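Inside the fold
If you want the building blocks of each chain, they are given just below.
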Amino acid sequence: MRDIYRLLLVGGLSLVIVGGAILYSRDSGLYSLISGAVSGPAADTPASSTPPTDLSAPREPLSPYGLTVPPFSRTEWVGLAGFPDSAEFVFPIPGAGSYLGGRLDLEFDAQLADQGDGRLTIAVNGVRRGEIVLNTGRERHHAEIELTPSDLLGGSVSLALAGQGTTNSGQICPADAANSGSAIRLLPQSALMLYADAPLDAVDERLIRLQRPVTLRLSADLADQAAAIWAMRRLTAERIEATYSLSADAADIAVSTTSDEAATIETTGTVRLSASDGVDRLVALRSASRPAAADARWPVMIGQLTDATGLRDFRGSRKWNIDYDLVNLPDGGLPQALDLRMKTSELEEDFEWVLRVALNDNLIDTQRFSGKSEWIDVSIALPADLQRLNNELVIELVDTSPNESICRAGPQAQAQLLPGSTLAGPQLPADGWSALIRDLGNADAIGLVLDAALTPARAVQVSAMLAQVVPQDAPVVFSDAAEAAPVRLKVSTGAPQAPQGRYIVSNGTTQAADRLSLVEADDPMLADVLPGAVVIEVSQ
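To start, this report covers the structure provided alongside it. (Residues numbered from 1 in each chain as written. Predicted model: local features only at pLDDT ≥ 70, side-chain atom pairs only at ≥ 80, totals over all residues. Heavy atoms only, no water.)

Comments concerning the overall build of the protein chain
The following threshold applies: Labels follow the DSSP assignment, with helices taken as runs of H or I lasting at least four residues and strands as runs of E lasting at least two, numbered in each case from the N terminus. Here's how the labels work: a residue is buried when its accessible area is under 20% of the maximum for its type, exposed when over 50%, partly exposed in between, all with a 1.4 Å probe on protein chains only. Throughout, a contact is declared for two residues whenever any of their heavy atoms are within 4.5 Å. To measure how exposed things are, a 1.4 Å probe is used in the Shrake-Rupley method; for residues, cover is taken only from the protein chains shown.
A tally of helices and strands in the protein chain yields eight helices and 32 strands. Counting over 540 residues, the protein chain shows a buried share of 46%. A sequence separation of at least 24 residues applies to 77% of the contacts in the protein chain between residues at least 6 apart. In the structure as shown, the protein chain presents an accessible area of about 25600 Å², 52% of it carried by carbon and sulfur atoms.

Following this line, the structure appears as structure tokens:
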């Protein structure tokens, strides 16, 4: 009988020990069930009322003349993906006033895989201003960073984010040292708050405070419609999100070809802008983009095409994506080469750096460099036949240092794409897109004419087409001046009845990977243009 009691006692103790081990294990479903019942809903939904993260002791407003500046488009994903990762963003400072100080109100949506944790570092104008601890699951973080007058001396405030952490799901030996199970998004609710020393001009304040997307009135007048279409092209080039509205009362902006004043506020609250000076004023107040490459000369500095020229930490490999459009390059020229300069950390032993460069998803160069060298300085040819209206260069740097064991990740490396890297050139073809962009950029005036009134959808399409081929600083004119201009762009739909000159066609024939076609008047393909396709006739 005593043996039976001993067996029962041993069995009971075993159940207690095993049960305790199960509850202790964070991977246990029973643990999740019990902890969920105790602590409430899981952390996979964003916190709705997370208190602000106090990073720099926010003070009372410096003045009653506060101004909120939204940073970027609501449709643009901005943030960090995976650990380690880093990124930089720019908040424009409107030039309409003088400011005593300001504040960055930052909203983050952080998602980390199970058992992941990390740290988000925030720097302003290159100076570290705060740290946020990131926990498993999905969380909202609100950070407020006070800005001094010295932070506002330039035309913009630079925000740099860096993420460090792990998302190895509790494995002792992580299978993926890249720690890719994290995403930290800077939400579009984030904004720059400025305190002016005096009230701003009413029109300027109204333009700065407009919510995104900015709505443009699509007037029944054809000349005003053409001016609104060109305004849309300019706004989107400056990363100012915009759309059209048929309702006069619902529109934020009305572009006029007959207005004597640059900007006025109508009784409905709509701001009426003149087609030239008024739109210039809006762009100057709301632009968040880098200086246009078209304002530069060859060679074009990489720092004009991307903000990703700071120091980067990584394990294994790191990519830099550089986008360039022919319409934004001087004279619409094709770059002949990428003159690449990078600063790298020194690798251990005799390991090497591997450099890969791709153009429009075509691998064009692979080279190896000594890991003992601190510099990579190389010129890589860019084939003209691989270049399009919109181009993407991908630069990948690979650290060949192996993991010392399955349970130990390789060392973290550092590299910087130097802003002095350049696109060298140009190649100037005598025909094709490059020649058309060059002709339009050198024209004394370009008349934009509509054959008939356009729907909002068609107007958006025409704006997008113009953005591909007409430089944003081109002298575009409207109304009577358009008819007398040396170069005319006439917008219509369907195949032209009496073709002459050159035609830019959408939704019809296609050339290579471009979404538009450039068709000569005598090309039989022009007769096959679909009835609903937008056609822009270029005549000189």
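A word on helix α5 (residues 277–286)
Worth spelling out the cut-off: When we speak of the arc, we mean the arc of directions from the helix axis to the C-beta atoms.
Those residues of α5 not exposed but buried are G278, V279, L282, V283, L285 and R286. The buried residues of α5 occupy an angular sector of 165° when projected down its axis, which confines them to one face. Away from its buried face, by an angle of more than 90 degrees, α5 presents the exposed residues D277 and A284. Here the buried face of α5 lies against β4 (85–92), α3 (202–209), β12 (214–217), α4 (222–237), β14 (253–256) and β16 (271–274).

Remarks on the packing of α4 against helix α7 (residues 456–469)
Our working rule: Structural elements are reduced to axes, namely lines fitted to C-alpha atoms, with helices fitted over the stretch in contact, and the angle between N-to-C directions of any two is expressed from 0 to 180 degrees. Note on angle classes: values under 35 degrees are labelled roughly parallel, values over 145 roughly antiparallel, values of 65 to 115 roughly perpendicular, and the remainder oblique. Each crossing gets its handedness from the near helix: less than a right angle anticlockwise from the far helix is left-handed, clockwise is right-handed. Put simply, Ala, Val, Leu, Ile, Met, Phe, Trp, Tyr, Cys and Pro go in the nonpolar bin, Asp, Glu, Lys and Arg in the charged bin, and everything else, Gly too, in the polar bin.
With their axes 8 Å apart at the nearest point, α4 and α7 run at an angle of 55° to one another. Judged by the inter-axis angle, α4 sits oblique to α7. The two elements α4 and α7 cross, and the hand of that crossing is right-handed. Taking contact as the criterion, the partners of I229, W230, M232 and R233 in α4 are, on α7, A459, V460, V462, S463, L466 and A467. A per-class count over the contact of α4 with α7 returns eight nonpolar, one polar and one charged.

Remarks on the pattern of salt bridges
Pairing is possible between side chains that carry opposite charge, provided their charged atoms lie close to one another. Where we set the bar: Whenever Lys or Arg places a side-chain nitrogen within 4 Å of a carboxyl oxygen from Asp or Glu, that contact is recorded as a salt bridge.
The final tally for this structure, using the stated rule, is 21 salt bridges. We note a salt bridge from R488 to E483, for which the minimum N-O separation is 2.9 Å. Classification of R488 by relative accessible area gives partly exposed; the value is 21%. For E483, a relative accessible area of 49% corresponds to the partly exposed category. A network of salt bridges, in which partner residues are shared, links R119, R128 and E131.

Looking at the side chain of S463
Summarising the element assignment, S463 is placed in helix α7. If near-sequence neighbours (up to four positions away) are discounted, S463 is found in contact with I229, M232, R233 and Y244.

Things to note about the sheet that holds strand β19 (residues 317–325)
Test applied: Whether two strands pair comes down to DSSP finding at least two bridges between them.
Taken together, the four strands give an open sheet; going across it, the order is β19-β24-β21-β22, and neighbouring strands pair in antiparallel fashion. Lying at the two open borders of the sheet, with one neighbouring strand each, are β19 and β22 (362–370). Along the sheet, successive strands turn relative to each other by an average axial angle of 15°, direction set aside. In terms of strand pairing, strand β21 (residues 352–359) meets strand β24 (residues 390–399) through seven bridges, oriented antiparallel. Each residue of the ladder has a partner; that of W353, found in β24, is D399.

Examining the environment of D114
Relative to the assigned elements, D114 resides in the loop between β5 (99–112) and β6 (117–124). Taking the C-alpha atoms as reference points, D114 and T136, separated by 22 residues in sequence, lie 5.7 Å from one another.

A word on the pairing of β16
Bridging between β14 and β16 involves four bridges; their strand directions are parallel. Following the sheet pairing, A254 is matched in β16 by R272. As defined by bridge partners, strand β15 (residues 263–265) adjoins β16 across three bridges and the pair is classed as antiparallel. Counted as the bridge partner of T264 is R272 from β16. Two successive antiparallel strands, β15 and β16, enclose a turn made up of five residues, where G269 displays a positive phi of approximately 95°.

Things to note about the sheet that holds β4
In spatial order, the strands read β4-β9-β6-β7; together these four strands make up an open sheet with antiparallel pairing. Unpaired on one side and paired on the other, β4 and β7 (127–134) mark the two borders of the sheet. The average undirected angle you get between the axes of adjacent strands in this sheet is 20°.

Description of the packing of α3 against α5
Remark: α3 packs on α5, axes separated minimally by 9 Å, with the N-to-C direction vectors making an angle of 60°. One way to sum up the angle between α3 and α5 is to call them oblique. In this structure, α3 crosses over α5, and the sense of that crossing is right-handed. For the pair α3 and α5, the contacting residues are V203, D204, L207, I208 and R209 in the first and R281, L282, L285 and R286 in the second. Looking at the contact of α3 with α5 residue by residue, the class counts come to five nonpolar, no polar and four charged.

Section: α7
Selection rule: How far a helix is expected to stretch is found by multiplying one less than its residue total by 1.5 Å.
Compared with an ideal rise of 1.5 Å per residue, which puts 14 residues at 20 Å, α7 spans 21 Å between its outermost C-alpha atoms and is within 8% of the ideal. Within the sequence span of α7, burial applies to A459, Q461, V462, S463, M465, L466, Q468 and V469.

Section: unusual backbone geometry
P299 follows W298 through a cis peptide bond whose omega is -5°. Here P299 lies in the loop between α5 and β17 (300–301). Cis rather than trans, the peptide bond between G425 and P426 has omega equal to 5°. Within the secondary structure, P426 is located in the loop between β26 (422–424) and α6 (432–442). Positive phi is not limited to glycine here, since N125 has a value of about 50°. Along the chain, the position of N125 falls in the loop between β6 and β7.

Comments concerning the environment of I322
With respect to the helices and strands, the residue I322 is situated in strand β19. Note on I322: relative accessible area 1%, which makes it buried. A sequence separation of 20 residues divides I322 from I302, and the C-alpha atoms of the two residues are 8.0 Å apart. With residues near it in sequence (within four places) discarded, I322 still touches I302, L305, T306, N391, E392, L393, I395 and L417.

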